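A closer look at the structure
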Amino acid sequence: MGKVNKKLNVKVKGLEGVIAGQTNISYIDGIKGKLFYRGYSIEDIAQNCSFEETSYLLIYGKLPNKTELKNFAEKLKRKRSLPQHTIKMLHTFTKNMNSMEALRTVVSSLSSNDKDPRVSSYNEKLDIGLSIIAKMPTIVAYHYRIKNSLDPIPPNSKLSHAENFLYMLTGKIPESEGAEVLDKDFVLHAEHGFNASSFSVRVTVSTLSDVHSAYTTGIGTLKGPLHGGAATEVLLMLKSIKKPENVTSYVDKILLSHGRVMGYGHRIYKTYDPRAKILKKMAEKLSIKNNNTTFFEIGQKLEVIMSDKKKIYPNVDFYSAIVYHNLNLTHELYSPIFAIARSSGWLAHILEQYTNNRLIRPLEEYTGSMNLKFIPISKRK
Ligand SMILES: CC(C)(COP(=O)(O)OP(=O)(O)OC[C@H]1O[C@@H](n2cnc3c(N)ncnc32)[C@H](O)[C@@H]1OP(=O)(O)O)[C@@H](O)C(=O)NCCC(=O)NCCS
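Here the structure is a predicted model, which means the values were calculated and not measured. (Residues numbered from 1 in each chain as written. Predicted model: local features only at pLDDT ≥ 70, side-chain atom pairs only at ≥ 80, totals over all residues. Heavy atoms only, no water.)

1. Some points on the overall build of the protein chain
Looking only at helices and strands, the protein chain has 16 helices and 3 strands in total. Here the protein chain has a C-alpha radius of gyration of 22 Å; the compact-globule value for 381 residues is 21 Å, and the two agree. Considering only C-alpha atoms, the protein chain reaches an extent of 70 × 55 × 50 Å along its principal axes. Considering only contacts in the protein chain between residues 6 or more positions apart, those separated by 24 or more positions represent 76%. (Helix = DSSP H or I, 4+ residues; strand = E, 2+ residues; numbered from the N terminus. Rg over C-alpha atoms; globule rule 2.2 N^0.38 Å. Contact = heavy atoms within 4.5 Å.)

2. Focus on the sheet that holds strand 3 (residues 40-41)
Strand order in the open sheet formed by 3 strands is 1-2-3, and the pairing between neighbours is antiparallel. A single partner strand is all that each edge strand has here, and the edge strands are strand 1 (26-29) and strand 3. Examined bridge by bridge, strand 1 and strand 2 (residues 34-37) share 4 bridges and lie antiparallel to one another. Residue pairing in the sheet places Ile28 in a bridge with Leu35 of strand 2. (Pairing = 2+ DSSP bridges.)

3. Some details on the site of the ligand
Around the ligand, the structure places 19 residues, and the nearest of them are Val261, Gly263, Tyr264, Arg267 and Lys310. In this structure, Lys310 approaches the ligand through a side-chain N or O atom, which is 2.9 Å from an oxygen atom. Between an oxygen atom of the ligand and a side-chain N or O atom of Asn315, the distance comes to 2.9 Å. The protein chains hide 68% of the 860 Å² of surface that the ligand would expose on its own. A breakdown of the residues in the shell around the ligand according to their chemical character gives 9 nonpolar, 6 polar and 4 charged. (Near = heavy atom within 4 Å. Polar contact = N/O pair within 3.5 Å; in protein donor to acceptor, adjacent residues only side chain to side chain. Areas by Shrake-Rupley, 256 points an atom, 1.4 Å probe, with all protein chains shown as cover. Nonpolar A, V, L, I, M, F, W, Y, C, P; charged D, E, K, R; others polar.)

4. Points about the packing of helix 2 (residues 51-60) against helix 16 (residues 334-355)
Relative to each other, helix 2 and helix 16 sit at 15°, their axes nearing to 8 Å. Between helix 2 and helix 16, the angle is such that the two are roughly parallel. In the packing of helix 2 onto helix 16, the handedness of the crossing is right-handed. Along its contact with helix 2, which presents Phe51, Ser55, Leu58 and Ile59, the element helix 16 presents Ile340, Ala341, Ser344, Gly345, Leu347, Ala348 and Leu351. Residue classes in the contact of helix 2 with helix 16 are distributed as 8 nonpolar, 3 polar and no charged. (Axes fitted to C-alpha atoms, helices over the stretch in contact; angles between N-to-C directions. Parallel < 35°, antiparallel > 145°, perpendicular 65-115°, else oblique. Left-handed = near helix turned anticlockwise from the far one by under 90°.)

5. Comments concerning a positive patch on the surface
On the surface, a cluster of positive charge is contributed by Lys32, Lys34, Lys277 and Lys281. Within the secondary structure layout, Lys34 lies in strand 2. (Patch = residues over 30% accessible without salt bridge, like charges linked within 9 Å, V, L, I, M, F, W, Y side chains within 5 Å. Salt bridge = Lys/Arg side-chain N within 4 Å of Asp/Glu carboxyl O. Lys, Arg positive; Asp, Glu negative; His and termini not counted. Charge placed at Lys NZ, Arg CZ, Asp CG, Glu CD.)

6. A short note on the environment of Ile19
Along the chain, Ile19 turns up in the segment before strand 1. Relative accessible area serves as the criterion here: at 77%, Ile19 is assigned to the exposed category. Remark: the alpha-carbon pair of Ile19 and Leu236, spanning 217 residues in sequence, is separated by 34 Å. (Buried < 20%, exposed > 50% of the residue type's maximum accessible area, 1.4 Å probe, protein only.)

7. Focus: the domain arrangement of the protein chain
Domain annotation of the protein chain identifies domain 1 (26-224 + 342-355) and domain 2 (230-326). Between domain 1 and domain 2, the residue contacts involve 22 residues of the former and 20 residues of the latter. With both chains or domains summed, domain 1 and domain 2 bury close to 1,500 Å², and 67% of this area falls on carbon and sulfur atoms. Run the count over domain 1 and domain 2 and you get 2 salt bridges. Among the ionic pairs, Glu175 bridges to Lys289, the shortest N-O distance being 3.8 Å. In this assembly, domain 1 and domain 2 are joined by 4 residue pairs in polar contact (both at pLDDT 80 or more). When residues of the side of domain 1 that touches domain 2 are traced back to their parent elements, those giving at least two are strand 1, strand 2, helix 1 (42-48) and helix 8 (176-189). Of all the elements, helix 8 adds the most residues to the side of domain 1 that touches domain 2, at 7 residues. For the side of domain 1 that touches domain 2, a count of residues per class yields 8 nonpolar, 5 polar and 9 charged. (Domains from an automatic or database assignment. Buried area = accessible area lost by both parts, 1.4 Å probe.)

8. Digging into the nonpolar core
Counting 109 residues, the largest nonpolar core has Leu182, Tyr215, Leu302 and Leu329 as its most contacted members. In this structure, this core is formed jointly by two domains, domain 1 (26-224 + 342-355) and domain 2 (230-326), each of which donates at least three residues. (Core = buried A, V, L, I, M, F, W, Y, C linked by side-chain atoms within 4.5 Å.)

9. Some thoughts on the packing of aromatic side chains
For the coordinates displayed, the defined rule picks out 13 aromatic pairs. Ring geometry for Tyr27 versus Phe36: centroids 6.2 Å apart, planes at 40°, classification tilted. With centroids separated by 5.2 Å and ring planes inclined at 70°, the aromatic side chains of Tyr264 and Phe318 adopt a geometry described as edge-to-face. Taken together, the residues span a long stretch of sequence, with Tyr264 in the loop between helix 12 (247-256) and helix 13 (274-289) and Phe318 in helix 15 (residues 316-326) at a distance of 54 residues. The residues Tyr264 and Phe318 share a single accessibility class, namely buried. Its end group placed over the ring of Tyr354, Lys125 keeps NZ or CZ at 4.8 Å from the ring centre. (Phe/Tyr/Trp six-rings, centres within 6.5 Å; stacked < 30°, edge-to-face > 60°. Lys NZ or Arg CZ within 6 Å of the ring centre and 35° of its normal.)

10. Comments concerning the side chain of Arg145
Relative to the helices and strands, Arg145 is located in helix 6 (residues 122-147). Asp151 provides the closest opposite charge to the buried, unpaired Arg145, separated from it by 6.7 Å. Beyond its immediate sequence surroundings of up to four residues, Arg145 is in contact with Leu150, Asp151, Pro152, Ile153, Met168, Leu169, Thr170 and Gly171.

11. Digging into the pattern of salt bridges
Counted according to the given criterion, the structure contains 13 salt bridges. Here Lys223 and Glu101 are joined by a salt bridge, their closest N and O atoms 3.8 Å apart. Remark: Glu101 occurs in helix 5 (residues 99-109) and Lys223 occurs in the loop between helix 10 (211-222) and helix 11 (230-241); sequence separation between them is 122 residues. Among the ionic pairs, Asp273 bridges to Arg275, the shortest N-O distance being 2.7 Å. Ionic contacts of the salt-bridge type, sharing partners, join the residues Glu175, Glu177 and Lys289 into one network.

Set out below in structure tokens:
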């Protein structure tokens, strides 16, 4: 066993409550249900900033002025297209490859021209990250269309990040309301401290590995149903509950079997997730507009029962599933949408970690056998 820091000798399953490093990027108060990006409340940011403006804030550490925002948005637009060999590669994927697997694989494959991160500058790393942020919607939309036997639609440089993503999925210039909703959803998912995927990104960077490897790690970590995969599970759950009258029996069954109600609970928030509050309003408005309130009503009933029985509240993934459903987005796209949004938070963490790096390598408590007598293979049963 390595040197134990006696003062900090904690053994906590899942690292709950352990401070694993310092950051200037976001602050979460899980008791009061507060979230700040670079010091600004999530309510202010969601109300006033586009995804591009929020990304600038997270990555550069300050709100952009008009020229800075314009240049930043133009830069992202210029980097949206995929190289021909990448498009060819997307055509080789089997139909059963899911969208997160495709995204992870393609992002990884884009690394071939990267300089060794030990010699590349801060700005070179930043540029690679911006290129990945710009390309992720294109990868997801191209994969979605190719998988569904449709021709991919090249990015449209007249459109914003969110508008262009919807355009590349459908081939239609989106209605402004749908694009604004998705843009706000991107903002709300852009950053969240040392969540599992951002922490994994930092672990990768801490070995002085490259930016593409960090993103590949992040996407793989986000994919799990306890993290970014939850929204897809929420929609499947809502479909299986079918109507509000079935909620009580559904929850009873889940709790009896020690299962999980998807989109509920959080490691940090012990109260209502501030992002879920905003998404709930968006989900309600869209459900009423579409005259399709069943899932929202199921959500209302779940809230009451889960709060009564477990003091557990919806997290960011619960109402985002209802929002996406109302935007006519298929559930296979929910996790990649989260990845597209979180890509700017990941870049902020990548740059912060490179700037003040130390290898992230905790201790483990060994619980296996010791001093066993070796048995040659010929004598093993
Ligand atoms: C997010 C999550 C992984 C956090 O897990 P965690 O911090 O390790 O919480 P724990 O697993 O220790 O749970 C603490 C208690 O709450 C319960 N709990 C937590 N989330 C629950 C959920 N979604 N449904 C039912 N019970 C839940 C646990 O059963 C446990 O109860 P107990 O103390 O009576 O045994 C967990 O809440 C979860 O699995 N949620 C569903 C998946 C999800 O929505 N993920 C997206 C997160 S943004």
